[in-house]
Number of protein chains: 2
Amino acid sequence: MSSDQATDIQKRMYNFIVSYMKTEKMPPTNREIGRELQIASTGHVDYHLTMLEKKGLISRQPKKSRGIKLIETITGIPVMGSIAAGQPLEISNDPEEMLDVGRELEPDNTYALIVKGRSMIEDHICDGDYVVIKPQDTCNNGDIVVAVRLQEGMSGSATLKRFFQEKDHDRVRLQPANSELEPIIIPKSEWDEEWKVQGKVVAIFRQCHAA
Amino acid sequence: MSSDQATDIQKRMYNFIVSYMKTEKMPPTNREIGRELQIASTGHVDYHLTMLEKKGLISRQPKKSRGIKLIETITGIPVMGSIAAGQPLEISNDPEEMLDVGRELEPDNTYALIVKGRSMIEDHICDGDYVVIKPQDTCNNGDIVVAVRLQEGMSGSATLKRFFQEKDHDRVRLQPANSELEPIIIPKSEWDEEWKVQGKVVAIFRQCHAA
DNA sequence: CCTTTTATCGAACGTATTTTCCGAATATTA
DNA sequence: TAATATTCGGAAAATACGTTCGATAAAAGG
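Not measured: the values here are computed from a predicted model. (Residues numbered from 1 in each chain as written. Chains lettered and ligands numbered in written order. Predicted model: local features only at pLDDT ≥ 70, side-chain atom pairs only at ≥ 80, totals over all residues. Heavy atoms only, no water.)

Points about the nonpolar core
When a protein is soluble and globular, its nonpolar side chains tend to lie buried together. Cut-off, in case you're wondering: Definition used in this section: a nonpolar core is a set of buried Ala, Val, Leu, Ile, Met, Phe, Trp, Tyr and Cys residues joined via side-chain atoms within 4.5 Å. For every residue, the accessible area (1.4 Å probe, protein chains only) is compared with the maximum for its type, and the residue is labelled buried under 20%, exposed over 50%, or partly exposed between those bounds. Helix and strand assignments come from DSSP, with helices taken as H or I runs of at least 4 residues and strands as E runs of at least 2, each series counted from the N terminus. We call two residues in contact when some of their heavy atoms are within 4.5 Å.
Counting residues in hydrophobic clusters, the biggest one holds 37 residues, and the most contacted among them are M13, I33 and L49 of chain A together with M13, I33 and L49 of chain B. Those elements that place two or more of their residues in this core are α1 (8-24), α2 (30-37), α3 (42-54) and β2 (68-70) of chain A together with α1 (8-24), α2 (30-37), α3 (42-54) and β2 (68-70) of chain B. The residues touching I33 of chain B, leaving out its near neighbours within four places in the chain, are M13, F16, I17, P28, V45, L49 and I68 of chain B.

The following block contains the structure:
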């Protein structure tokens, strides 16, 4: 809607702000904008920034130096559509959304672990994959979790498994996703004392290296 | 080396700058730093910033408002170690590296596609996964590529397959990773005329939603 | 025990930066 | 054609902000 109404100069101004922020990691001052766009007056720059704000492209923090924020933080990778190997689908020309890979995962205390081995292979988690862990005490049945066995002294050893609380048997089952491997069965009492859920897997990331 | 010599206050200052930049998308002013760390004097803040610069953690642009830059732009998710479901491994307390999920993929013209169906399931690419595509004309045998069939008029339809150039048969084979599906076999001449490699898969990203 | 480094405050100073006001030229619209 | 929005300049006013200086301690090192 209003975003299209931006004038030529305003579009150039907006683009400059975007590129400036990419390189400088901070918004430009009004003077820097003016210098770039060859606008002699800072008041003039202010006018266009006001317009850009009215048109919903930026927001401003009054009285703050460099108080410009982009409304749509266009970080990430554009998602161009869907694809199926079986029946080819169309690829659109406009991004449908931005894949904010990892960015929305960052805020908390999320961390990543590198998966070794094929023990979760049937969940399509491969050797070398990164699993992103969101720390939390509790989890639901079927969640893939990092379970830690508490030990004397140092930090315990951790394991990546699917979590199942089997109420009828009054025990907890930690199930690998590999039919060649056996689950770990722990009586409820022992679980409460010796084990702890460290967090659950919220995302998986795999880099495809050159062969 | 010198980065370790940072004082407690300087570490807190550094951490605040990092978190401020994450939320505000710009560096803080000296006064904002002081307010946060309960330092009453801006000169005092300046002193510690000078120390941080001397110790190589930040760089400063004199006389510029918010003229602070992080030397190591620690975006991303900390990788805390390895984990194997089979034989539990230790989780270290210090991050081994930062998982720059997607960030090093952004610069070029990379884009993402959402995978539909199970046609690449044996390569552990699942329904709903994001595949990150790096555009390129050529590829090597075995690469997972987006192949496009050129058509009259509009943009062609795309398919996700493993690419094999079979020189002995003078043909190209597009192989799905699902034994229930048949490969697409294309004679070399037809390939050159009607097909094109759009790009190759460089990464895979999967979000694990709540059950 | 003395010296050096580090940490702290407060205040003053000068520059950086935004904001506001006035005026004018140009285009757009009614 | 009159009214209105847009685009520009210049300059003053008001903050915001970084920098510098003097003084005081506590901690560290020898």
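Next, the rest of the story.
Considerations on the protein's contact with DNA strand C
Worth spelling out the cut-off: Being near a molecule or strand, for a residue, comes down to having at least one heavy atom within 4 Å of it. Pairing of N or O atoms within 3.5 Å defines a polar contact, subject to two protein rules: one partner must be a possible hydrogen donor and the other a possible acceptor, and residues neighboring in sequence count only if both atoms are side-chain atoms. By the convention adopted, Pro, Cys, Tyr, Trp, Phe, Met, Ile, Leu, Val and Ala count as nonpolar, Lys, Arg, Asp and Glu as charged, and the other residues, Gly among them, as polar.
Neighbouring residues of DNA strand C: 23 residues in total, closest N30, R31 and R60 of chain A together with T7 and H44 of chain B. For DNA strand C, the fraction of protein-proximal atoms (within 4 Å) that sit in sugar or phosphate groups is 63%. Within the contact set of DNA strand C, a phosphate oxygen lies 3.1 Å away from a backbone nitrogen or oxygen of K63 of chain A. A class-by-class count of the residues in the surface near DNA strand C yields five nonpolar, eleven polar and seven charged.

As for the confidence of the model for chain A
The line we're drawing: Predictor confidence is given residue by residue as pLDDT, running from a minimum of 0 to a maximum of 100.
When pLDDT is averaged along chain A, the result is 80, and 76% of the positions lie at 70 or above. α2 of chain A holds the highest mean pLDDT among the elements of chain A, 92, whereas strand β4 (residues 89-90) of chain A holds the lowest, 52.

Comments concerning the state of the cysteines
Quick reminder of the rule: We call a pair of cysteine sulfur atoms a disulfide when they lie within 2.5 Å.
Counted according to the given criterion, the structure contains zero disulfides over all chains. Between C126 of chain B, a free cysteine, and C126 of chain A, which holds the nearest cysteine sulfur, the sulfur-to-sulfur gap is 8.5 Å.

Considering the protein's contact with DNA strand D
The environment of DNA strand D is formed by 23 residues, the closest being T7 and I9 of chain A together with N30, R31 and R60 of chain B. For DNA strand D, the backbone makes up 68% of the atoms found within 4 Å of the protein, where backbone means sugar plus phosphate. Take T42 of chain B: an N or O atom from its side chain is 2.9 Å from a base oxygen of DNA strand D. A distance of 3.2 Å separates a phosphate oxygen of DNA strand D from a polar atom in the backbone of K63 of chain B. Among the secondary structure elements, those contributing two or more residues to the surface near DNA strand D are α1 and α3 of chain A together with α2 and α3 of chain B.

Description of unusual backbone geometry
Residues and elements named next belong to chain A. A positive phi is found at K25, a non-glycine position, where the angle reads about 60°. For R66, which is not glycine, the phi torsion reads 55° and is therefore positive. Relative to the helices and strands, R66 is located in the loop between β1 (58-60) and β2. Classification of R66 by relative accessible area gives buried; the value is 5%.

With respect to the packing of α2 of chain A against α3 of chain A
Between two packed helices, both the angle of their axes relative to each other and the distance between the axes serve to describe the pair. All names here are of chain A. We count it as follows: Note on method: axes are straight lines fitted to C-alpha atoms, helices fitted across the in-contact stretch only, with angles between N-to-C directions ranging 0 to 180 degrees. An angle below 35 degrees is read as roughly parallel, one above 145 as roughly antiparallel, one from 65 to 115 as roughly perpendicular, and any other as oblique.
Remark: α2 packs on α3, axes separated minimally by 9 Å, with the N-to-C direction vectors making an angle of 95°. Viewed along their axes, α2 and α3 adopt a mutual orientation that is roughly perpendicular. Along its contact with α2, which presents N30, R31, I33 and G34, the element α3 presents T42, V45, D46 and L49. Broken down by class, the residue content of the contact of α2 with α3 amounts to three nonpolar, three polar and two charged.

Digging into α3 of chain B
Given 3.6 residues per turn, any residue in an α-helix points the same way as the ones three and four places further on. Residue and element names in this part refer to chain B. What counts, and what does not: Between the first and last residue of a helix there are one fewer steps than residues, each counted as 1.5 Å, and that sum is the expected span.
When the terminal C-alpha atoms of α3 are compared, their 18 Å separation across 13 residues agrees well with the 18 Å that a helix rising 1.5 Å per residue should span. The inward-facing, buried residues of α3 contact α1, α2, β1 (58-60) and β2. The N-cap residue of α3 is S41: its side-chain oxygen and the backbone nitrogen of G43 are 3.2 Å apart. In the segment just after α3, G56 is the residue with positive phi, at about 80°.

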